[in-house]
Amino acid sequence: METGLRGKHVLITGANGGIGQATAVLFDKEGAKLSLHYHQNETSAKELESKLKGDYSFFQANLSSDTSVKKLMNQINQNNGRLDILIVNHGIWPENYIPAHDMTLQQWDNTIAINLTGAFLCSKHFLKNLEAYPEDFASITYVGSTAGIFGEAGHVDYSVTKFGLQGLVLSLKNEIVHLAYHGRVNLVAPGWTITPMTEKFMQDHTGIKSVLQTMPLRKLARAEDIASTILFLSSDKLAGHISGQIITVAGGMEGRKLFESDEINIDKI
Ligand SMILES: NC(=O)c1ccc[n+]([C@@H]2O[C@H](COP(=O)([O-])OP(=O)(O)OC[C@H]3O[C@@H](n4cnc5c(N)ncnc54)[C@H](OP(=O)(O)O)[C@@H]3O)[C@@H](O)[C@H]2O)c1
């Protein structure tokens, strides 16, 4: 199927992570021009490099700083000109269960700075870029989470950042069209997905069973499940009339227990 992504210039934040890598590989196959952001893990950036065949460049940045994001966008523009597509995928999930009454302000501030302020800064500088290079087409896709739909006990900092992304989607869908006539803004909300972020959690069968009990499909997502939805939303040919939407990719999860533990077959995840 024709996606129309050939030659489109795409920035993927957190491109060296699990979902980021799968997304970069899919866009590469479609012939897009890739600007790939990583934060500090050069080893995984190198791993991604070995999977790409087309036109790509890597950029390092801490996305919670306005100066760094501005510098990143300037470097990207100098290298490759107008950005057409932004995928805000980077993020942290502090993995220990910490109830709000025990959470430090430092943890709260850090998660907000990376996940939410980082998303705002990337959006702001991407929109500035559209202002500088007016054209009809543009798309932003955020990677949220089911924690930004159902909440997540023990992870209120993370959950709040993912709820915050919905505010960006619903506000910026109405702003972007003044800078790119047919510009669109959407969000993909993954549930439990097998990536380095959840590696430790996935080693615990009791934990896996408890999350599978909330999903009719009773399986975990692969990074490719999320990447293909991001690609679909970014493509004007496939999703050109979709804006302001949140697509959950979470095996039908609805935030309540659907199965008893003995109805979960751990060999079929
Ligand atoms: N895996 C899941 O089950 C799941 C579920 C729901 C939502 N999500 C969301 O999906 C997105 C991708 O997650 P993933 O599972 O692919 O995780 P991952 O493999 O851990 O990747 C996280 C990415 O975020 C980057 N990052 C971390 N700190 C950063 C900072 N301060 N500034 C900029 N970038 C930073 C990392 O870069 P470095 O490695 O270079 O530090 C890495 O590229 C996240 O937004 C996450 O919240 C994941």
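Read on for an overview of the structure.

What follows deals with the sheet that holds strand S6 (residues 184-190). Note on sheets: strands pair through backbone hydrogen bonds, and any given pair is parallel or antiparallel. Spatial ordering of the open sheet is given by S3-S2-S1-S4-S5-S6-S9, a layout of 7 strands whose pairing is parallel. Strands with a single pairing partner mark the edges of an open sheet, and in this sheet they are strand S3 (56-60) and strand S9 (246-249). Put simply, the sheet's adjacent strands are angled 15° from each other on average, direction ignored. Where strand S5 (residues 139-143) meets S6, 5 bridges bridge the pair, whose relative direction is parallel. Bridge pairing in S6 places Ile140 opposite Val185. On top of the sheet, helix H4 (residues 105-132) reaches strand S4 (85-88) and S5; it is set at about 175° to S4, its chief contact. In the packing of helix H5 (residues 156-176) onto the sheet, the strands contacted are S5, S6 and S9, and the crossing angle to S6 comes to about 160°.

Another aspect to go through is the packing of aromatic side chains. Evaluated as defined, the whole model comprises 4 aromatic pairs. Between Tyr38 and Phe58, the ring centres sit 6.4 Å apart and the planes meet at 65°, which makes this aromatic pair edge-to-face. In this pair, Tyr38 is assigned in strand S2 (residues 33-38) and Phe58 in strand S3, connecting sequence segments 20 residues apart. On the basis of relative accessible area, Tyr38 is assigned to the buried category, the value being 12%. Here Tyr56 and Phe58 contribute two aromatic rings whose centre-to-centre distance is 5.9 Å and whose plane-to-plane angle is 80°, an arrangement assigned as edge-to-face. For Phe58, a relative accessible area of 22% corresponds to the partly exposed category.

Attention shifts here to the site of the ligand. Surrounding the ligand, one finds 29 residues, the nearest of these being Asn16, Gln40, Asn89, Tyr158 and Thr195. A distance of 2.6 Å is found between an oxygen atom of the ligand and a side-chain nitrogen or oxygen belonging to Asn16. Separating an oxygen atom of the ligand from a backbone N or O atom of Thr193 is a distance of 2.8 Å. In the complex, the protein chains occlude 91% of the 900 Å² of accessible area that the ligand would expose alone. Elements supplying a minimum of two residues to the shell around the ligand: helix H1 (18-29) and H5. Its residues placed into classes, the shell around the ligand shows 10 nonpolar, 18 polar and 1 charged.

Here we take up empty space enclosed by the protein. If you walk through the whole model with that rule in mind, you get 1 cavity of 30 Å³ or more. When its volume is computed, the largest cavity comes out at roughly 30 Å³. Lining the largest cavity, in full, are Val88, His90, Asn115, Ala119, Val143, Lys162 and Leu165. Listing elements by their share of the lining of the largest cavity, those giving two or more residues are H4 and H5. Tallied by class, residues from the lining of the largest cavity come to 4 nonpolar, 2 polar and 1 charged.

We now examine the side chain of Ser159. Structurally, Ser159 can be placed in helix H5. Within polar-contact distance, the side chain of Ser159 engages the backbone oxygen of Ala147 at 2.7 Å. Not counting chain neighbours up to four residues away, the residues in contact with Ser159 comprise Ala147, Gly148, Gly151 and Glu152.

Below, the discussion takes up the nonpolar core. Counting residues in each nonpolar core, the largest one holds 29 residues, and the members touching the most others are Leu86, Phe126, Leu130, Ile140, Tyr142, Ile176 and Val185. At 6 residues, H4 tops the list of elements feeding residues into this core. Those residues in contact with Ile176 that lie beyond four places of it in its chain are Phe126, Leu127, Leu130, Ala138, Ile140, Gly183, Arg184 and Val185. Ala15, Ile87, Ile226 and Ile230 belong to the second largest nonpolar core, which has 27 residues in total.

Okay, H1 next. Compared with the 16 Å implied by 1.5 Å per residue over 12 residues, the 17 Å span of H1 between its first and last C-alpha is a close match. Where burial is concerned, most of H1 is hidden: 9 out of the 12 residues are buried. Those residues of H1 not exposed but buried are Ile19, Gly20, Gln21, Ala22, Thr23, Ala24, Val25, Phe27 and Asp28.

Conventions used here
- Residues numbered from 1 in each chain as written.
- Predicted model: local features only at pLDDT ≥ 70, side-chain atom pairs only at ≥ 80, totals over all residues.
- Heavy atoms only, no water.
- Pairing = 2+ DSSP bridges.
- Helix = DSSP H or I, 4+ residues; strand = E, 2+ residues; numbered from the N terminus.
- Axes fitted to C-alpha atoms, helices over the stretch in contact; angles between N-to-C directions.
- Contact = heavy atoms within 4.5 Å.
- Phe/Tyr/Trp six-rings, centres within 6.5 Å; stacked < 30°, edge-to-face > 60°.
- Buried < 20%, exposed > 50% of the residue type's maximum accessible area, 1.4 Å probe, protein only.
- Near = heavy atom within 4 Å.
- Polar contact = N/O pair within 3.5 Å; in protein donor to acceptor, adjacent residues only side chain to side chain.
- Areas by Shrake-Rupley, 256 points an atom, 1.4 Å probe, with all protein chains shown as cover.
- Nonpolar A, V, L, I, M, F, W, Y, C, P; charged D, E, K, R; others polar.
- 1 Å grid on protein atoms, 1.4 Å probe; cavity = no way out; pocket = protein on both sides within 12 Å on 5 of 7 lines; lining within 4 Å.
- Points joined across faces, edges and corners; volume = space filled by probe spheres on them.
- Core = buried A, V, L, I, M, F, W, Y, C linked by side-chain atoms within 4.5 Å.
- Expected span 1.5 Å × (residues − 1).

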